[in-house]
Amino acid sequence: MSCVIVFVSRHKGNTKKVAEEIAKTLGCEAKELTEVTPDEAMKHDVIGVGSGIYAFSMDKRLKRLFENVKDAGGKKVFLFSTSAGPDGKKYHKSLKKFLQKRNFVIIGEFNCLGEYSFWFFGRRTINPGRPNEEDIERAREFAREIQKGCTLS
Ligand SMILES: Cc1cc2nc3c(=O)[nH]c(=O)nc-3n(C[C@H](O)[C@H](O)[C@H](O)COP(=O)(O)O)c2cc1C
């Protein structure tokens, strides 16, 4: 079975770090959304889809990759994200529903905290240094679980 990871990481590269570690563990490529065509993504047996959480949602452009798929025939997808707040998986919901409607099967979800900087009477940063080594190890563990379930090569 083959796998590809598609991600958007537009704030600090937090999700890119996670995407690359998951890819390394699975032995597949991690590609920015802009580098992948729908046909290319659909060639793989498993697609990992990740992004930061932006305004309570995964990056909306990820949906475009799959919008012309009417029936994915049970193709396996896993979702991952980084977010400023805990429990970021709840923000996967919209993309998850969108994919399930097209007959993709969600085989796993991962989220960890990510550093976030914003201006509020000066520059503020929350979750500095996240994802950290512990987060990355959790991401690797998640990838190993995915691998066990799918026999990736
Ligand atoms: C425009 C913007 C909106 C964001 N909205 C949320 C949000 O609604 N909830 C949340 O938990 N984090 C939010 N964040 C924080 C990001 O999810 C977090 O910093 C993430 O790790 C960014 O990942 P990236 O570096 O891969 O883009 C937001 C960040 C930005 C820049």
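Cut-offs applied
- Residues numbered from 1 in each chain as written.
- Predicted model: local features only at pLDDT ≥ 70, side-chain atom pairs only at ≥ 80, totals over all residues.
- Heavy atoms only, no water.
- Helix = DSSP H or I, 4+ residues; strand = E, 2+ residues; numbered from the N terminus.
- Rg over C-alpha atoms; globule rule 2.2 N^0.38 Å.
- Buried < 20%, exposed > 50% of the residue type's maximum accessible area, 1.4 Å probe, protein only.
- Contact = heavy atoms within 4.5 Å.
- Disulfide = S-S within 2.5 Å.
- Pairing = 2+ DSSP bridges.
- Phe/Tyr/Trp six-rings, centres within 6.5 Å; stacked < 30°, edge-to-face > 60°.
- Lys NZ or Arg CZ within 6 Å of the ring centre and 35° of its normal.

A. Local environment of the overall build of the protein chain. Secondary structure assignment for the protein chain yields four helices and seven strands. Going residue by residue from the N terminus, the α and β elements of the protein chain occur as β-α-β-α-β-β-α-β-β-β-α. Expected size for 153 residues packed as a compact globule is a radius of gyration near 15 Å; at 15 Å, the protein chain falls within 12% of this value. Referenced to the eigenvectors of the C-alpha coordinate spread, the extents of the protein chain come out at roughly 50 × 30 × 25 Å. Across the 153 residues in the protein chain, those meeting the buried criterion constitute 48%. Within the protein chain, contacts between residues at least 6 apart in sequence are counted, and of these 74% link residues at least 24 apart.

B. Geometry of the state of the cysteines. Evaluation of the coordinates by the stated rule reveals zero disulfides. No disulfide involves Cys-3; its nearest neighbouring cysteine sulfur is the one of Cys-28, lying 3.7 Å away. Lacking any disulfide linkage, Cys-112 is separated from the closest cysteine sulfur, that of Cys-28, by 17 Å.

C. Quick peek at the pairing of strand β4 (residues 75–83). Most of β4 sits inside the fold, with eight of its nine residues counted as buried. Where strand β3 (residues 46–52) lies against β4, seven bridges are found, and the strand directions are parallel. Bridging from a neighbouring strand, Gly-50 pairs with Phe-80 of β4. Where β4 lies against strand β5 (residues 104–113), nine bridges are found, and the strand directions are parallel. Of the residues in β5, the one forming a bridge with Ser-83 is Leu-113.

D. A look at the packing of aromatic side chains. In the structure shown here, the tally under the stated rule is seven aromatic pairs. Relative to Phe-104, the ring of Phe-66 has its centre 5.2 Å away and its plane inclined at 70°; by these criteria the two rings are edge-to-face. Taken together, the positions of Phe-66 in the loop between β3 and β4 and Phe-104 in strand β5 put the pair 38 residues apart, joining distant regions of the chain. Each member of the pair, Phe-66 as well as Phe-104, carries the same accessibility label: buried. For the pair Phe-78 and Phe-80, a centre-to-centre distance of 6.2 Å together with 35° between the ring planes defines the contact as tilted. Taking relative accessible area as the criterion, Phe-80 reaches 0% and is therefore assigned buried. A connected cluster of aromatic rings, assembled from ring pairs, spans Phe-78, Phe-80, Phe-110 and Phe-142. Positioned over the ring face of Tyr-54 is Arg-10, at 3.8 Å from the centre of the ring. The ring of Phe-98 has Arg-102 lying over it, and the distance from NZ or CZ to the ring centre is 3.8 Å.

Everything listed here is a matter of geometry and, on its own, says nothing about what the molecule does.
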